[in-house]
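# Examination of the molecular architecture
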Amino acid sequence: MKLNRTTQRTVAILKLVSKHPKGITLDEICGLLDLPKTSAYDIITTLVSLGMVNVDHGRRQHYTIGLTAYRIGVRYTSSLDILNVLEPELRSFAREVGKTVFFGVRSGYDVIYICKFEPENPIITTANVGTKNPMYCTSLGKAMLAFSDEDSLEEILSGIWMEPKTEWTIRDRETLLAELERVRERGYAFDSREFEEHMQCVGAPVFGKDGSLLGAISVSGLYKASEDYGRLGALVSEKAARVSRLLGFIPQDALTNSSGADSRG
């Protein structure tokens, strides 16, 4: 694979600037990275315009890391914190239910799989970390759709074509909206052989400290007519609620009950 030289230089400049909290000059950047001054100037000017780098206009311009780069770093650190909470919970959950457990987030009109945890004797699943699948026919996707705000839901529904993956795939907006209402009522979503005809999946939403929808967790296994998927759905919903609480989410009803208890005291 051929790497883009300008991108490589940009990353190298960002790394170098981040190591100099008191600032570094363009000449120093060029000398340390062995870059042509014109190329380095074009890159650093672009980074300044994007907020990735700050410039201090003194006797000699000094460059420091910018607010945008800092915010990206904070978001990355936050995502690591989330994964640190998720991993032990979902790993033990996979062993408990004897099925593959996923955590996914929205990526455009799709779900992207961020984590995958398997039991001791896993079945073969087509989804791996980094895989993208449609939201309308996966339990992860439907769990997120059901608990998305109205604007996000409308944006997604307006931009997708519900391609039939199996004979059980939901194929129209009205049926999907009715299904999402049922998801809200019970707290978990089904992929009833809608994406792969031999697989049944159950998903539930995960919320962050500020109440925002972070993603969803799901349990996947081979379809069995004898399995109690309602019971499995309740387990998935309970686990998603526990993970949300560990991430700092406090449900509204808990706040209401707490407030009521205080007023009675």
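Each chain carries its own residue numbering, running from 1 in the written order of its sequence. Totals for whole chains, interfaces and linings use all residues, but because this is a predicted model, local features are given only for residues with pLDDT of at least 70 and pairs of side-chain atoms are given and counted only at 80 or more. The side-chain values count all of the structure's non-hydrogen atoms but skip hydrogen atoms and water molecules.

### Points about the side chain of arginine 9
Looking at the secondary structure, you find arginine 9 in helix 1 (residues 5-18). Look at arginine 9: it is buried, it has no salt bridge, and the nearest opposite charge is aspartate 34 at 8.2 Å. When checking whether two residues touch, look at their non-hydrogen atoms; a contact exists if any pair is within 4.5 Å. Look past the residues within four positions of arginine 9 in its chain and what remains in contact with it is Leu35, Pro36, Ser39 and Ile43. A helix here means a DSSP run of H or I that spans at least four residues, while a strand means a run of E at least two residues long, and both kinds are numbered starting from the N terminus. Any residue under 20% of the maximum accessible area for its type is buried, any over 50% is exposed, and the rest in between are partly exposed; the area is computed with a 1.4 Å probe on protein chains only. For the purpose of charge, His is not counted, nor are the chain termini; Lys and Arg are scored as positive and Asp and Glu as negative. We define a salt bridge as a contact between a side-chain nitrogen of Lys or Arg and a carboxyl oxygen of Asp or Glu at a distance within 4 Å.

### Side note on the nonpolar core
Residues grouped as a nonpolar core are buried Ala, Val, Leu, Ile, Met, Phe, Trp, Tyr and Cys residues, joined through side-chain atoms within 4.5 Å. Among the nonpolar cores identified, the biggest contains 25 residues, and Leu90, Phe103 and Val236 are the most heavily contacted of them. Looking at this core, the elements that each hand over two or more residues are helix 4 (67-97), strand 3 (100-107), strand 4 (110-117), strand 7 (199-207), strand 8 (213-222) and helix 8 (229-246). The element contributing the most residues to this core is helix 8, with six residues. Discounting residues that sit within four places of it in the chain, phenylalanine 103 has contacts with Leu86, Leu90, Ile112, Tyr113, Ile114, Cys115, Val206, Leu214, Gly215, Ala216 and Ile217. Grouped together as the second largest cluster of nonpolar side chains are 24 residues, Phe102, Met135, Leu145 and Ala216 included.

### Here's the deal with helix 1
Here the expected length of a helix is defined as 1.5 Å per residue gap, with one fewer gap than residues. Counted at 1.5 Å a residue, the expected span for helix 1 with its 14 residues is 20 Å, and the 20 Å between its end C-alpha atoms agrees. Every buried residue of helix 1 is listed here: Arg9, Thr10, Ile13, Leu14, Leu16 and Val17. Looking down the long axis of helix 1, one finds its buried residues gathered within 165° of arc, a one-sided arrangement. In the core, the buried residues of helix 1 are packed alongside helix 2 (26-33), helix 3 (37-49), strand 1 (53-56) and strand 2 (62-65). The term polar contact refers here to a pair of N or O atoms within 3.5 Å; inside protein, the definition further demands a hydrogen-donor-capable atom paired with an acceptor-capable atom, and it admits residues adjacent in sequence only when both atoms are side-chain atoms. For helix 1, the side-chain oxygen to backbone nitrogen distance between the N-cap and threonine 6 is 3.1 Å, and the N-cap itself is asparagine 4. Of all possible arcs, the one meant is that of the directions from the helix axis to the C-beta atoms.

### So, the side chain of asparagine 133
Looking at where asparagine 133 falls in the secondary structure, it is placed in strand 5 (residues 132-134). Its relative accessible area of 9% is what places asparagine 133 among the buried residues. A polar side-chain atom of asparagine 133 sits 3.2 Å from a polar atom in the side chain of tyrosine 113. In contact with asparagine 133, not counting residues within four places along its chain, are Asp110, Val111, Tyr113, Ala127, Thr138 and Phe195.

### Topic: the sheet that holds strand 4
Backbone hydrogen bonds are what pair the strands of a sheet, in a parallel or an antiparallel way. When DSSP finds two or more bridges between a pair of strands, those strands are recorded as paired. If you walk across this open sheet you meet the six strands as 5-4-3-8-7-6, and the pairing is antiparallel. Strands with a single pairing partner mark the edges of an open sheet, and in this sheet they are strand 5 and strand 6 (189-192). Strand-to-strand, the axes of this sheet are offset by a mean angle of 35°, without reference to chain direction. Across nine bridges, the pairing between strand 7 and strand 8 is antiparallel. Within the sheet, the bridge partner assigned to alanine 204 lies in strand 8 and is isoleucine 217. With axes taken as lines fitted to C-alpha atoms, and helix axes fitted only over the stretch in contact, angles between N-to-C directions fall between 0 and 180 degrees. This element, helix 5 (residues 139-146), spans strand 3, strand 4, strand 6, strand 7 and strand 8 of the sheet and lies at about 150° to strand 8. Sheet contacts for helix 8: strand 6, strand 7 and strand 8; angle to strand 7, the most-contacted strand, approximately 25°.

### Here we look at unusual backbone geometry
Peptide bonds are mostly trans, and most non-glycine residues show a negative phi. The phi torsion at aspartate 34 lies on the positive side, around 55°, for a residue other than glycine. Of note, arginine 193 is a non-glycine position whose phi angle comes to about 60°, a positive value. You can see arginine 193 is positioned in the loop between strand 6 and strand 7. For arginine 193, a relative accessible area of 19% puts it in the buried group.

### Details of the pairing of strand 3
Among the eight residues that make up strand 3, six are buried, leaving the element largely enclosed by the rest of the structure. Two elements, strand 3 and strand 8, share five bridges in a ladder whose sense is antiparallel. Along strand 8, the bridge assignment pairs phenylalanine 102 with serine 218. The pairing of strand 3 with strand 4 spans seven bridges and is antiparallel. Considered in strand 4, the bridge of arginine 106 is made with valine 111.

### Focus on the pattern of salt bridges
Enumeration according to the criterion identifies 14 salt bridges in this entry. As a salt-bridge pair, glutamate 154 and arginine 173 come within 2.6 Å of each other at their nearest N and O atoms. Placement of glutamate 154 in helix 6 (residues 150-159) and of arginine 173 in helix 7 (residues 173-186) is noted, with a sequence separation of 19 residues between them. Judged by relative accessible area, arginine 173 falls into the partly exposed class, the value being 31%. The salt bridge partner of arginine 186 is glutamate 179, with a shortest N-O separation of 3.1 Å. With a relative accessible area of 10%, glutamate 179 lands in the buried category. A single salt-bridge network, built from bridges that share partners, covers Lys142, Glu179, Arg182, Arg186 and Glu194.

Read these as spatial facts, not as claims about activity.
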